[in-house]
Amino acid sequence: MKKHNFSAGPSILPQEVFKEAAAAILDYNNSGLSILEISHRSKDFIAVMEKAKSLSLELLGLENKGYQALFLQGGASTQFVMLAQNLLESKAAYLNTGTWSDKAIKEARFFGEVIEIASSKDKNYNYIPKNYEIPDDVDYFHCTSNNTIYGTQLKEFPKANTPLVCDMSSDIFSRNIDFSQFSLIYAGAQKNMGPAGTTLVIIKESILNKVSRAIPNILNYNSHIDKESMYNTPAVFAVYVSMLNLQWLKARGGVAAIEKQNNEKAALLYSEIDRNSLFEGFVSRDEDRSAMNATFNLTDETFKEPFETLLKEAGISGLNGHRSVGGYRASMYNAMPLESVQLLVEVMQELENKI
Ligand SMILES: *Cc1c(COP(=O)(O)O)cnc(C)c1O
């Protein structure tokens, strides 16, 4: 039986995408070859890479605006290093909203001074700090748009006189914002874009070539731009499946259309968390709640066993919270159908009726 997958990542993808990817493993485009065995320099794969890049820019409304899309390896974690190495000359400002921001800060410190301009670490990251000032004399400002582990999301981004850099690993392509306010966006594919193995980097070319250090080629954005994401062998299959998923998104009306559905799913679950006295949300302010990852706890731990039995019977998978938060986390990425969230809500109500 196909399960309802609420996992935070690697995560759910549309069933249609899985089917097409599975067929391509056996025979790609009637070529008599598997997508896994063709050259990354073949016409067939170059077309996939081009499509993946152009769809990324198109869906974010960033075509013809001086941006490049790259599909790199090493995960978002490598971007923590690479972005600082390529952009940090003397000082950078970071907003610390969780484990991932914290890691990004630590990596950037290898390259220069990092000012943590605000942090929500004091409350185990259960809110988004606001009303901070970004100094003018920094090389860039870095934030994390969605905090996958804690279930918080930035709903507004600061205006700054410095390039904005954003880790959008867990909410890219989920909501319509003005993406042109960012100079660099990056996202590990495995949350809301595709399978693990590739990382999307969207970069405004005009911010490059401003640091004085020598950068090893493999970590230099210019190398990857020059070679159109083929500087080294790309993660062929991960890029292919990401491309299929972006095509799926475009066919469904793109980011604006999916945002409506994402909001509907989130509203449904959060209203149950608030209504049902057996549950409480982890995030302290409603306006900071993530539409992608909803974190919540049982108000009484003695209900843990019956709740988890009901979840299992319903075929709900991947609901356990991250170890640094505990409780539960329902990840409701683009591919998650409303029906799966409805089912989760029904299980929460069933638990209430049983007790
Ligand atoms: C998962 C995640 C990361 C880490 O991604 P890797 O691809 O495993 O390096 C970074 N940032 C955010 C917001 C994430 O959700």
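Bear in mind that the values here come from a model prediction, so they are computed numbers and not experimental data. (Residues numbered from 1 in each chain as written. Predicted model: local features only at pLDDT ≥ 70, side-chain atom pairs only at ≥ 80, totals over all residues. Heavy atoms only, no water.)

(A) Focus on the packing of helix α3 (residues 75-87) against helix α4 (residues 99-108). Interhelical geometry of α3 versus α4 gives an angle of 40 degrees and a closest axis separation of 8 Å. On the basis of the axis angle, α3 is oblique to α4. For the pair α3 and α4, the sense of crossing is right-handed. Note on element contacts: α4 touches α3 through W100, K103, A104, E107 and A108, opposite S77, F80, V81 and A84. Counted by class, the contact of α3 with α4 contains 6 nonpolar, 1 polar and 2 charged residues. (Axes fitted to C-alpha atoms, helices over the stretch in contact; angles between N-to-C directions. Helix = DSSP H or I, 4+ residues; strand = E, 2+ residues; numbered from the N terminus. Parallel < 35°, antiparallel > 145°, perpendicular 65-115°, else oblique. Left-handed = near helix turned anticlockwise from the far one by under 90°. Contact = heavy atoms within 4.5 Å. Nonpolar A, V, L, I, M, F, W, Y, C, P; charged D, E, K, R; others polar.)

(B) Broad picture of the domain arrangement of the chain. On domain assignment, one finds that the chain holds domain 1 (15-251) and domain 2 (255-354). On a C-alpha basis, the centroid separation for the pair domain 1 and domain 2 is 27 Å. Taken together, the contacts link 25 residues of domain 1 with 25 residues of domain 2. Carbon and sulfur atoms make up 50% of the surface buried where domain 1 meets domain 2, a total of about 2,200 Å² over both sides. Area buried by domain 1 at its contact with domain 2 is led by N126, I149 and G151, which between them contribute 22% of it. If you look at where domain 1 meets domain 2, you find 2 salt bridges. A salt bridge links D288 to K130, with the shortest nitrogen-to-oxygen separation between them at 2.7 Å. Taken together, the links from domain 1 to domain 2 amount to 19 residue pairs in polar contact (both at pLDDT 80 or more). For the side of domain 1 that touches domain 2, the secondary-structure elements that each account for two or more residues are β7 (152-153) and α6 (236-251). Residue composition of the side of domain 1 that touches domain 2, grouped by class: 9 nonpolar, 11 polar and 5 charged. (Domains from an automatic or database assignment. Buried area = accessible area lost by both parts, 1.4 Å probe. Salt bridge = Lys/Arg side-chain N within 4 Å of Asp/Glu carboxyl O. Polar contact = N/O pair within 3.5 Å; in protein donor to acceptor, adjacent residues only side chain to side chain.)

(C) Region of interest: the pairing of strand β4 (residues 113-119). Relative to β4, strand β3 (residues 91-96) runs parallel, the two sharing 6 bridges. Within the sheet, the bridge partner assigned to K91 lies in β4 and is E113. Tracing the backbone out of β3, into α4 and back to the parallel element β4 gives a crossover that is right-handed. (Pairing = 2+ DSSP bridges. Right-handed = clockwise from strand over helix to strand, strands pointing away.)

(D) Molecular detail of the pattern of salt bridges. In the structure shown here, the tally under the stated rule is 14 salt bridges. Between E272 and R275 there is a salt bridge, and its shortest N-O distance comes to 2.7 Å. Here E272 pairs with R275, and both are found in helix α7 (residues 254-275), just 3 residues apart, close to one helical turn. With a relative accessible area of 3%, E272 lands in the buried category. Here E352 makes a salt bridge to R275, at a shortest N to O gap of 2.9 Å. Note that E352 is positioned in helix α9 (residues 338-354) and R275 in helix α7, a separation of 77 residues in sequence. By relative accessible area, which is 24% here, E352 ends up partly exposed. On the basis of relative accessibility, which here comes to 45%, the residue R275 falls in the partly exposed class. One continuous salt-bridge network, built from bridges that share partners, spans K130, R285, E287 and D288. (Buried < 20%, exposed > 50% of the residue type's maximum accessible area, 1.4 Å probe, protein only.)

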